[in-house]
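Commentary on secondary and tertiary structure
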Amino acid sequence: MSLLLWFRNDLRLDDHQALQAMLERSKAENLSCRAVFISTPKQWQGHNIAGIKLELIEAQLNHLARSLGELGIPFEVLAGSDFNSQPQLLKNYCDRYQIQGIYASVEPEINEIKRDQAVTNVGLSLTLCQGHCILPTGSVLNQQGHMFKRFTPFKKVWLEHVKLETWCCFSPFNQPVQHAPALSNSEVNLGLPEHEQGAIDCTIWPSGDGKILQLAHDFIQTRASHYHQERDIPSLDSTSKLSAYLAIGAISPRRLLNMLLQHDPLLFEAHDEGHDEGQQAWLNEIIWREFYRHLIVAYAHLCKGQNFVSNANRIAWRNSPDLFEAWCQGKTGYPLVDAAMRQLLATGWMHNRLRMVVASFLTKHLLVDWRHGERFFMRHLIDGDLAANNGGWQWAASTGCDAQPYFRIFNPIRQSERFDPHGHFIRKWVKELKDIEGKAIHFPNKGLGLGDYPSAIVDHAQARKLALEEFSVISNKS
Ligand code: FAD
């Protein structure tokens, strides 16, 4: 008789609370352990997941298989078709191996809750443990017992809760748990189709708990202290790039907090006093991640792709297919926007500042509904994540919770001058502009003979004027 760990969006062994719970019970009741992951290609297509993200998942699963083998835990990938096939697949597996209980990490989104309900409905015992957030969704509330609608008070209460706990993390490799003899799990091959971004570069995106923890450790020890000064410059490697791992659960956010506190035990106190700005600015972003995750669970309509602000339903999006296509291909004639989009297409990555710039440009300059951009990002980002992506898009489009005001319209020329002052980033990604010198690199192409580089698809001043008129419905009280 055995226990089963069901990996979902939590592809790690470090600080895995469901794994910990399973190992403790296996020791207490002398049960063996097994582990599975269910591949559901149809669901991946339906949810528009990037090929490069699937490659990272596959690579991480291979590391998991090896590490589980070292712990004597057999690991299998069960081939499902779509989301709904999972309960029956698990049932068959559990019958075959006389599984006494399944352990998994909570997935608090609507469809995932329904799926887990279906698992218990087929008669399986499913124990869910926390794992995706530092504080569980629904645990950071205002005095009326509701989720906050603004980030700053959420953050204040979040910090109050966090300060009350000690943040120790579990690692199966340094616990006195009894393991069966090591075994060799077979290689994982998800049968992924070729995709436009090409094979994942393992030097940029290594996998395996050890390497990912090392990346986080190195960032916190060194680059984090400059984070507040350099985080907005896309040509610098100044952010952690851990979002890709957080998105598939290959590193735990609790572990990141634990590392931050080990680096600076006075992190929270210093927060009040304004020291250690780099680490604190970085923690602030981790809290934004928590905010959006808590939000999407508290306001279920966000999972269904609806505007957070109901007045935004009145925006008459123009949704021009040609303008959208130009944006997707990085051919808008606005150098910074195009550089960002071309980097995304080629690598599956885009810097946060540029995500804000291109999202603002699509929604406000081109009046294309943010949901089109949101889907495009999910199809291309290595770190595509429902809550953060939805939060980011609705923030930029001014349709979201604690979003930027509707009248704030990023000027892509000013953004370029400010955050890519020497044009390094633009020249790297827009080859047609590599020989353009000086300030001209920031300006939209007014058709003045820049070879193949497209002319600007809209005029900034006109687009801004139109967006201000259109978006004013958001402030309309009637
Ligand atoms: P760092 O700067 O090192 O920050 C550390 C961590 O904090 C990140 O790994 C991430 O988990 C979290 N974080 C940072 N900024 C944000 C933010 N603005 N909102 C929420 N969490 C944040 N992030 C995703 O993980 N997946 C997405 O699909 C996604 N889509 C976005 C779409 C738009 C339009 C915008 C404006 C932002 C989006 N973000 C998304 C947020 C942010 O751009 C990325 O998290 C960040 O660029 C990741 O880089 P990093 O890991 O180096 O972050």
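Please read these numbers as outputs of a predicted model, since none were measured by experiment. (Residues numbered from 1 in each chain as written. Predicted model: local features only at pLDDT ≥ 70, side-chain atom pairs only at ≥ 80, totals over all residues. Heavy atoms only, no water.)

Here we come to the state of the cysteines. All told, the structure shown has 0 disulfides when counted by the stated rule. The cysteine Cys129 is free of any disulfide, with Cys33 supplying the nearest cysteine sulfur at 13 Å. A residue is classified by how much of its surface remains accessible, and Cys129, at 12% relative accessible area, is buried. (Disulfide = S-S within 2.5 Å. Buried < 20%, exposed > 50% of the residue type's maximum accessible area, 1.4 Å probe, protein only.)

Around the ligand, a shell composed of 26 residues is seen, among which Tyr227, Thr239, Ser240, Lys241 and Asn352 lie nearest. The side chain of Arg355 places a nitrogen or oxygen atom 3.4 Å from an oxygen atom of the ligand. Within the complex, the protein chains bury 95% of what would otherwise be the 810 Å² of accessible surface of the ligand. Breaking the shell around the ligand down by element, the ones donating at least two residues are α9 (243-247), α12 (277-298), α15 (352-365) and α17 (386-396). Broken down by class, the residue content of the shell around the ligand amounts to 13 nonpolar, 7 polar and 6 charged. In terms of domain composition, the shell around the ligand takes at least three residues from each of domain 2 (133-171 + 209-298) and domain 3 (305-474). (Near = heavy atom within 4 Å. Polar contact = N/O pair within 3.5 Å; in protein donor to acceptor, adjacent residues only side chain to side chain. Areas by Shrake-Rupley, 256 points an atom, 1.4 Å probe, with all protein chains shown as cover. Helix = DSSP H or I, 4+ residues; strand = E, 2+ residues; numbered from the N terminus. Nonpolar A, V, L, I, M, F, W, Y, C, P; charged D, E, K, R; others polar. Domains from an automatic or database assignment.)

Here the focus is the side chain of Asp385. Its location among the elements puts Asp385 in the loop between α16 (370-380) and α17. When near neighbours in sequence (up to four residues on either side) are disregarded, Asp385 contacts Ala247, Arg293, Met378 and Asn390. (Contact = heavy atoms within 4.5 Å.)

Glancing now at the confidence of the model for the protein chain. In this model, the protein chain carries an average pLDDT of 93, and 96% of its residues clear a pLDDT of 70 or more. Prediction confidence for the complex, expressed as pTM and ipTM, is 0.96 and 0.99 respectively. (pLDDT = per-residue confidence, 0-100.)

Grouped together as the largest cluster of nonpolar side chains are 133 residues, with contacts concentrated most on Phe7, Trp158 and Trp327. The contact partners of Trp327, leaving out residues within four places of it in the chain, are Thr332, Val337, Met341, Val358, Phe361, Leu362, Leu366, Gly373, Phe376, Phe377 and Trp393. Of all hydrophobic cores here, the second largest spans 14 residues; its members include Leu4, Leu78, Leu90 and Leu126. (Core = buried A, V, L, I, M, F, W, Y, C linked by side-chain atoms within 4.5 Å.)

Moving on, we get to the sheet that holds strand β2 (residues 32-39). An order of β3-β2-β1-β4-β5 is seen for the 5 strands of this open sheet, with the pairing classed as parallel. Lying at the two open borders of the sheet, with one neighbouring strand each, are β3 (75-79) and β5 (126-129). Sheet twist, expressed as the mean angle between neighbouring strand axes with direction ignored, is 30°. As judged from the 5 bridges shared by β2 and β3, these two strands associate in the parallel manner. Counterpart to Ile38 in the pairing with β3 is Leu78. Set on the sheet, helix α4 (residues 86-97) makes contact with β1 (2-7), β2, β3 and β4 (99-105); between it and β2 the angle comes to about 155°. (Pairing = 2+ DSSP bridges. Axes fitted to C-alpha atoms, helices over the stretch in contact; angles between N-to-C directions.)

Within a regular strand, side chains alternate between the sheet's two faces. Counting buried residues in β2 gives 7 out of 8 residues, a clear majority hidden from the surface. By the bridge criterion, 6 bridges tie β1 to β2 in an arrangement that is parallel. Among the inter-strand pairings, Ser2 is bridged to a residue of β2, identified as Ser32. With respect to chirality, the unit in which β1 leads through helix α1 (residues 17-29) into the neighbouring parallel β2 is right-handed. (Right-handed = clockwise from strand over helix to strand, strands pointing away.)

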